[in-house]
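So the chains spell out like this:
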Protein chains: 2
Amino acid sequence: MTTFEANFTTGEYLNRIDKTRSKITVLGLDAIVVSDPSNMSWLSGYDGWSFYVHQGVILRQEGEPVWWGRGMDTMGARRTVFMQDDCIRGYDDTYVQNPEKHPMEDLSRLLSELGLTKARIGVEMDNYYYSAAAHRTLEQCLPEATFQDATGLVNWQRAVKSEREIEYMRRAARIVEAIHDRILNVAEPGMRKNDLVAEIYAAGIRGADGYWGDYPAIVPMAPSGMDATAPHLTWDDRPMISGEATFFEVAGAHRRYQCPQSRTLFFGTVPQKYRDAEAAVLDGIEAGLEQARPGNHAEDIANAFNATLNKAGFVKDSRCGYAIGISYPPDWGERTISFRRGDMTVLEPGMSFHFMPALWLEDGGLEITEPILITEDGCDCFCDTPRALFVK
Amino acid sequence: MTTFEANFTTGEYLNRIDKTRSKITVLGLDAIVVSDPSNMSWLSGYDGWSFYVHQGVILRQEGEPVWWGRGMDTMGARRTVFMQDDCIRGYDDTYVQNPEKHPMEDLSRLLSELGLTKARIGVEMDNYYYSAAAHRTLEQCLPEATFQDATGLVNWQRAVKSEREIEYMRRAARIVEAIHDRILNVAEPGMRKNDLVAEIYAAGIRGADGYWGDYPAIVPMAPSGMDATAPHLTWDDRPMISGEATFFEVAGAHRRYQCPQSRTLFFGTVPQKYRDAEAAVLDGIEAGLEQARPGNHAEDIANAFNATLNKAGFVKDSRCGYAIGISYPPDWGERTISFRRGDMTVLEPGMSFHFMPALWLEDGGLEITEPILITEDGCDCFCDTPRALFVK
């Protein structure tokens, strides 16, 4: 039982479980073992930085979910999950990072105890926290069980957000607005990049509008100049300089819900090429947002964006958006829907995305992005950060 | 080629590769595919927050390592790895988080091109970034190859640190000292926990002694009171109160090298029970440090610590330390040596550990920990943070 303010009512968790069980039934599974921390949290409320050891939530066709993890983390489970304490099971510390044995030996005993020795069990084959060794051990220990890939099964149930989830994302949106505001206020040529990242972290964790900031599932990305031709470099202490663009790919977070948004800041006189890129991206965003409405497909947004971009002479060959919501490192996306050609997912009210039409040019990067919510008749941008290339 | 100051000389990378190849030979392998971002960085210099997609470094018996990852991340690889650009290979963006296909299909083509179609290939079966699906796909695409578990193979080569690595850890030590100093200065009853975490982040990223702070591989942990009975809860906005202990499990980081250290802060009059626990832990630390010298076993430290602790009437049933060095989320440990009974690893000069004798009591937690370096004739503590329960 949660011992302080729960993030969601027990009713909401039970709804999520019902929804997930329907899918489990359709797939002919008896149970799923969920290793993705986002899915564990969404189904049970569990929250803690313990995903560096093997853990999971077991959901059967009947009964409460069972939290399973390292013995010492049962204390954190008692304080965060909605279930009673007898649904929390821990394994001995000697299983931790010990090549002589594997925690999945313990899980297989628990699965047997739960009557799943010969069951059809879904596992998240392509999740960070379900390793090849975990799978091999489970298969060896439960030779009569059948394991089936259930990667994304729970993630897909998360696509349409509840009112409370949307509220948390709106709070996170206030926080990412505050981060961009802070960047604009304090960034200047000569400032060490790490000092600016310190400001970004502080603003993000302090929060905004009275709501506290949680940790983003990805660290702030803030590369300048040529470093910004690469999407995922982190910072060092080189000072920012005039005549360079720096993009800020950052997220506000509240109760693990993530609201990422990027902006780009140019010091000095903006070269025409950047102005052209800015105009192309802004037009492309407008064209994409036009398509962001219920009934359309995810690819419609990408196609509209890309067509507009290409007309202006720019090309982007990577996806330009993905689903967002609750998340843990290393990714703030939901790993389901992508804005790219061929993604025929039908958009529904309550789905939330990071529309992420970043351009990486030959001498820098331009990121102007929008977190969006699909509404009854179109879409809302979560943030009101000015949509432009910032210049200082 | 790195385009700005490289973290290590090419000579140092080549030494690491030689060391790793000897082990590959002993195991009868033709190559290893390394997915652990820490191992990728240690072997090639690669640095970037791109480990949320499949990527790796391939090391064969001959030739330079090959960096392989998402197409857009080849730009970051060009800016961080020591190898020439023709050793950097990217895959198409349509492979990213697409259930229709798997990036390992692309890797298997590359492995074939490298002459490894029928090779014996080591893979890191129990790493976060080598999923069950990744392994299954590789096995399916290269049916004539033999895959062998090489979890920890590279991690073990990292155990003894070079002078430059130790220098980076010392810089990280200055940073974690600065973090604890900042906590002591600003923490007070009534302060929202997230505001204190904002200060921790800002101090850690600003750095110390002129050295910039990198991101820690685990977020700051700072639970108070009953929350501190659980080791891995993160923060919210509840204010700190008098009469409660808060432990701060934080790390300084520099160029991805991690120096974790924990301290505990009590507001008000310390109950005798906490004083007793403090005395027991401090005595236990002294006893453990006595055993931290070349030639002794890792378990000797744990046994000395536990014997002292037990004499004082306290019990700790989890490991009390682990190897540290370069790291990426979700863990700042090296996942090799543990201070616990049965770990017979012989200590050598240059090995570095987080001696982590945390006590979780029934109504709170007490963490007073020391990052240490094994020297020629004993050990050095990396930090000079006062070793005591802090009271304010």
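Since this is a predicted model, take the numbers as computed values, not measurements.

Draft legend 1. Geometry of the overall build of chain A. Within chain A one finds 10 helices and 16 strands. Scaling as 2.2 N^0.38, a compact globule of 392 residues should have a C-alpha radius of gyration of about 21 Å, and chain A matches this with 22 Å. With the principal axes as the frame, chain A shows a C-alpha extent of 70 × 45 × 40 Å. Counting over 392 residues, chain A shows a buried share of 67%. For chain A, long-range pairs separated by at least 24 residues make up 70% of all intrachain contacts whose partners lie at least 6 apart in sequence. As presented, chain A carries roughly 13000 Å² of accessible surface, and 47% of it is formed by carbon and sulfur atoms.

Draft legend 2. Expanded view of the domain arrangement of chain A. All names here are of chain A. Taken as a whole, chain A is organised into domain 1 (10–157) and domain 2 (163–391). The interface of domain 1 with domain 2 comprises 17 residues on the first partner and 16 residues on the second. On the domain 1 side of the interface with domain 2, the three residues burying the most area are Ser38, Tyr128 and Trp156, jointly 38% of the side's total. The interface formed by domain 1 and domain 2 contains two salt bridges. The closest approach of N and O atoms between glutamate 165 and arginine 16, which form a salt bridge, is 3.7 Å. On the surface where domain 1 and domain 2 come into contact, there are five residue pairs in polar contact (both at pLDDT 80 or more). Elements supplying a minimum of two residues to the side of domain 1 that touches domain 2: helix 1 (10–26), helix 2 (37–44) and helix 6 (153–157). When residues in the side of domain 1 that touches domain 2 are grouped by element, the largest group, four residues, is from helix 2. A breakdown of the residues in the side of domain 1 that touches domain 2 according to their chemical character gives eight nonpolar, five polar and four charged.

Draft legend 3. Region of the structure containing the sheet that holds strand 4 (residues 88–91) of chain A. All names here are of chain A. If you trace the six strands from one edge of the open sheet to the other, you get 4-3-2-1-5-6, paired in mixed fashion. Strands at the two margins of the open sheet, each flanked by one partner only, are strand 4 and strand 6 (146–149). The mean angle between the axes of side-by-side strands here comes to 25°, regardless of whether they run parallel or antiparallel. Bridge analysis of strand 3 (residues 66–70) against strand 4 gives four bridges, and the strand direction is parallel. Each residue of the ladder has a partner; that of arginine 70, found in strand 4, is tyrosine 91. Each of strand 1 (31–34) and strand 2 (56–60) is contacted by helix 1, which is oriented at about 70° to strand 2, the strand it contacts most.

Draft legend 4. Local environment of the interface of chain A and chain B. Taken together, the contacts link 74 residues of chain A with 74 residues of chain B. Carbon and sulfur atoms supply 58% of the area that chain A and chain B bury against each other, a total of about 6400 Å² over both sides. At the surface where chain A touches chain B, the tally comes to six salt bridges. With a closest N to O distance of 3.5 Å, arginine 206 of chain B and glutamate 199 of chain A form a salt bridge. Secondary structure elements with two or more residues in the side of chain A that touches chain B: helix 3 (74–80), helix 5 (132–141) and helix 8 (193–206) of chain A. Counting residues per element, the side of chain A that touches chain B draws most heavily on helix 8 of chain A, which supplies nine residues. Classifying every residue of the side of chain A that touches chain B gives 33 nonpolar, 19 polar and 22 charged.

Draft legend 5. Structural detail: the relation of the copies chain A and chain B. When chain A is brought onto chain B, the operation consists of a screw motion whose angular component is 180° and whose axial shift is 0.0 Å, with 0.0 Å RMSD remaining. Interpreted geometrically, this transformation is the action of a two-fold axis.

Draft legend 6. Structural view of the UniProt feature "domain: Creatinase N-terminal" (unreviewed entry) in chain A. UniProt feature "domain: Creatinase N-terminal" (unreviewed entry): in the numbering of this structure it lies at residues 16–160 of chain A. What you have in residues 16–160 of chain A is 36% helix and 18% strand, and the ends, taken at the C-alpha atoms, are 11 Å apart.

Cut-offs used in this document
Think of each chain on its own: its residues are numbered from 1, step by step along the sequence as written. For this description, chains carry letters from A and ligands carry numbers from 1, given in the order in which they are written. Whole-chain, interface and lining totals are the exception, using all residues; otherwise, since this is a predicted model, local features are given only for residues with pLDDT of at least 70 and side-chain atom pairs are given and counted only at 80 or more. Only hydrogens and water are set aside; all other atoms, that is, all heavy atoms of the structure, feed into the side-chain values. Secondary structure elements follow DSSP: runs of H or I no shorter than four residues count as helices, runs of E no shorter than two count as strands, and numbering proceeds from the N terminus. The globule rule used for comparison is 2.2 Å times the number of residues to the exponent 0.38, while the radius of gyration itself is calculated over C-alpha atoms. Any residue under 20% of the maximum accessible area for its type is buried, any over 50% is exposed, and the rest in between are partly exposed; the area is computed with a 1.4 Å probe on protein chains only. We call two residues in contact whenever any of their non-hydrogen atoms come within 4.5 Å of each other. Values of accessible area rely on a 1.4 Å probe in the Shrake-Rupley scheme; residue burial ignores everything except the protein chains shown. Boundaries between domains were set according to an automatic or database domain assignment. By definition, the buried area sums, over both parts, the 1.4 Å-probe accessible area that each loses when the two are put together. When a carboxyl oxygen of Asp or Glu is within 4 Å of a side-chain nitrogen of Lys or Arg, the pair counts as a salt bridge. Each polar contact in these results corresponds to two N or O atoms within 3.5 Å; when the atoms are within protein, one needs to be able to donate a hydrogen and the other to accept it, and residues that are neighboring in sequence are counted only if both atoms are side-chain atoms. Side-chain classes follow a simple rule in which Ala, Val, Leu, Ile, Met, Phe, Trp, Tyr, Cys and Pro form the nonpolar group, Asp, Glu, Lys and Arg form the charged group, and the remainder, Gly included, forms the polar group. Two strands pair under a simple rule: DSSP has to find at least two bridges between them. Geometry is summarised by axes, namely lines fitted to C-alpha atoms with helices restricted to the contacting stretch, and by angles between N-to-C directions that run from 0 to 180 degrees. In this comparison the copies share one frame, found by least squares on the C-alpha atoms of residues holding pLDDT of at least 70 in both. UniProt positions are given in the numbering used here, feature names are shortened, and annotations may be inferred rather than shown by experiment.

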